[in-house]
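# Structure at a glance
Read off the chains here:
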Number of protein chains: 2
Amino acid sequence: MSPRRSVAATRDTHRAIVRRAMDVASVEGLDGLSIGGLASDLGMSKAGVAGHFANKQQLQLEAVDAAVELFTAAIAPALRERAPGLDRLRAGVEAWFAYLEDTPFPGGCLIQAAAAEQDGRPGPVRDAVVAADDRWRAFLLRELHAAIEAGELPADTDAEQRCFVLLALGAGLNQAAQLRADPRAGDRARRAARPLLDG
Amino acid sequence: MSPRRSVAATRDTHRAIVRRAMDVASVEGLDGLSIGGLASDLGMSKAGVAGHFANKQQLQLEAVDAAVELFTAAIAPALRERAPGLDRLRAGVEAWFAYLEDTPFPGGCLIQAAAAEQDGRPGPVRDAVVAADDRWRAFLLRELHAAIEAGELPADTDAEQRCFVLLALGAGLNQAAQLRADPRAGDRARRAARPLLDG
DNA sequence: CCTACCGATCGGTAGG
DNA sequence: CCTACCGATCGGTAGG
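Below: a short report on this structure. (Residues numbered from 1 in each chain as written. Chains lettered and ligands numbered in written order. Predicted model: local features only at pLDDT ≥ 70, side-chain atom pairs only at ≥ 80, totals over all residues. Heavy atoms only, no water.)

## A few points about the pattern of salt bridges
- The full count for this structure, using the stated rule, is 36 salt bridges over all chains.
- We note a salt bridge from arginine 121 of chain B to glutamate 28 of chain A, for which the minimum N-O separation is 3.8 Å. One end of the pair, arginine 121 of chain B, is in the loop between helix H6 (110-118) and helix H7 (124-149); the other, glutamate 28 of chain A, is in helix H1 (residues 4-28), on a second chain.
- In this structure, the salt-bridge partner of arginine 190 of chain A is glutamate 101 of chain A, at a minimum N-O distance of 2.7 Å. Of the two residues, arginine 190 of chain A sits in helix H9 (residues 185-193) while glutamate 101 of chain A sits in helix H5 (residues 86-101), which places them 89 residues apart along the sequence.
- Connected through salt bridges with shared partners, the residues Glu94, Glu101, Asp187 and Arg190 of chain A form a single ionic network. (Salt bridge = Lys/Arg side-chain N within 4 Å of Asp/Glu carboxyl O. Helix = DSSP H or I, 4+ residues; strand = E, 2+ residues; numbered from the N terminus.)

Encoded structure:
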């Protein structure tokens, strides 16, 4: 009588669809998603999948949101108990590089892939990807500024320049890992980042 | 009688199709190309476009080849008369960054976009993109090693590490320019690259 | 280089 | 969550 069990099952199905959508999108891109393809992967009918979303764009947006949540969950533990500044910045960058080395997706970090795919296409999906990227960039900048204020970095440190290089090392690590399957990419990025994380 | 004029016109049409395909692919990806879409853009019939290529994959491969040619043509003049080693490396990196800042495509460097798109999809298109990327990587490594042999860089310089960071700065510049439209990205990449191009 | 067509798949919906 | 369908578009081809 009460729809309790049915609601839980619906939620589980919804999550399974979004989970599969992230995996597919990490390889085929957010525009490579197809409702029929996901249905086939999950042993469902096309309408059964489509009924969980207003339209395909909502599915894409949910995949981006879920990927951001996975990233956040992967990074957050490393940040706990760390003081703002270099300590927290080092922990965040290390967790980030480890995430890029060993992503929870078959095609590498979904946000990196979506950023490259969507960078030329205006719209809500691009906006969501940019917002995700901005949040990480803001974290790096915030900790760099905290390090300057704490005297861990010289007062004339160019935080934006350091942030640019850290983001570049992440992009380069991702590219080397995905395109070249280079097992040393992570350590190369760490070595290049080290002088940026010191006073 | 002689098909001379017809052959030339056919070649021009072929080039126009590939040129348009590069522009579209720089925004929509190589998998975002459609023969019907190109036909509409060029005021041709779908079969008129399709007849120039054995199949869609051949069109994708020709777009990659043409993009490599455009890149090579943009870089080559800067390398003329430059001695192997740091002088040639600096000229190449400067031309490369300038190319990434101001690409001949509406969606940014096609090779960078295709590398991110294709990195998880085995096949001839991915192979062509990787080969293009490898050629540029080989150039950087060759000049770094020439600089070491010429005594411009210490004998214990880690050429692969420097190459990794230069490639990362290119990826970061491309991302900042395309995703963020950051007008300072080029200069930030140049500043970060400077210590890597010196003894 | 064209018209006209093929089967397959797309996103989305009606109706249950 | 299903079957069954809509119009549109896909890559590709026959025939001229």
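Moving on from the coordinates now.
## Remarks on the protein's contact with DNA strand C
- Around DNA strand C sit 15 residues in total, of which Ser34, Lys46 and Lys56 of chain A together with Ser45 and His52 of chain B are the nearest.
- The sugar-phosphate share of atoms of DNA strand C within 4 Å of the protein amounts to 55%.
- In the environment of DNA strand C, a phosphate oxygen lies 3.0 Å from a nitrogen or oxygen atom belonging to the backbone of isoleucine 35 of chain A.
- One of the side-chain N or O atoms of serine 45 of chain B is found 2.4 Å from a phosphate oxygen in DNA strand C.
- Elements with a contribution of two residues or more to the surface near DNA strand C: helix H2 (35-42) and helix H3 (46-50) of chain A together with helix H3 (46-50) of chain B.
- For the surface near DNA strand C, the leading source of residues is H3 of chain A, giving three residues.
- When the residues that make up the surface near DNA strand C are grouped by side-chain class, the tally is six nonpolar, seven polar and two charged. (Near = heavy atom within 4 Å. Polar contact = N/O pair within 3.5 Å; in protein donor to acceptor, adjacent residues only side chain to side chain. Nonpolar A, V, L, I, M, F, W, Y, C, P; charged D, E, K, R; others polar.)

## Details of the interface of chain B and chain A
- Between chain B and chain A, the residue contacts involve 38 residues of the former and 38 residues of the latter.
- Between chain B and chain A lies a buried interface of about 3,200 Å² when both sides are counted; carbon and sulfur atoms form 50% of it.
- If you look at where chain B meets chain A, you find ten salt bridges.
- For arginine 191 of chain B, the salt bridge identified is with aspartate 158 of chain A, shortest N-O distance 3.2 Å.
- The leading source of residues in the side of chain B that touches chain A is helix H8 (residues 159-179) of chain B, at 14 residues.
- Its residues assigned to classes, the side of chain B that touches chain A shows 16 nonpolar, eight polar and 14 charged. (Contact = heavy atoms within 4.5 Å. Buried area = accessible area lost by both parts, 1.4 Å probe.)

## A look at the relation of the copies chain B and chain A
- Between chain B and chain A, the superposition needs a rotation of 180° and an axial shift of 0.0 Å, giving an RMSD of 0.0 Å. Classification of the inter-copy transformation places it as that of a two-fold axis. Of the C-alpha atoms belonging to chain B, the one lying closest to the rotation axis is found on alanine 168 of chain B, 2.7 Å away.
- Counting the interface residues of chain B, we find that 100% of their copies in chain A are interface residues as well, pointing to one common contact surface. (Least-squares fit on C-alpha atoms with pLDDT ≥ 70 in both.)

## Remarks on the protein's contact with DNA strand D
- Near DNA strand D you find 14 residues, and of these Ser45 and His52 of chain A together with Ser34, Lys46 and Lys56 of chain B are the closest.
- The sugar-phosphate portion of DNA strand D accounts for 59% of its atoms within 4 Å of the protein, the bases making up the rest.
- Backbone polar atom of isoleucine 35 of chain B to a phosphate oxygen of DNA strand D: 3.1 Å apart, as the coordinates give it.
- Contributing elements (two or more residues each) for the surface near DNA strand D: H3 of chain A together with helix H2 (35-42) and H3 of chain B.
- Grouping the constituent residues of the surface near DNA strand D by class yields five nonpolar, seven polar and two charged.

Everything listed here is a matter of coordinates, which is why it stays silent on function.
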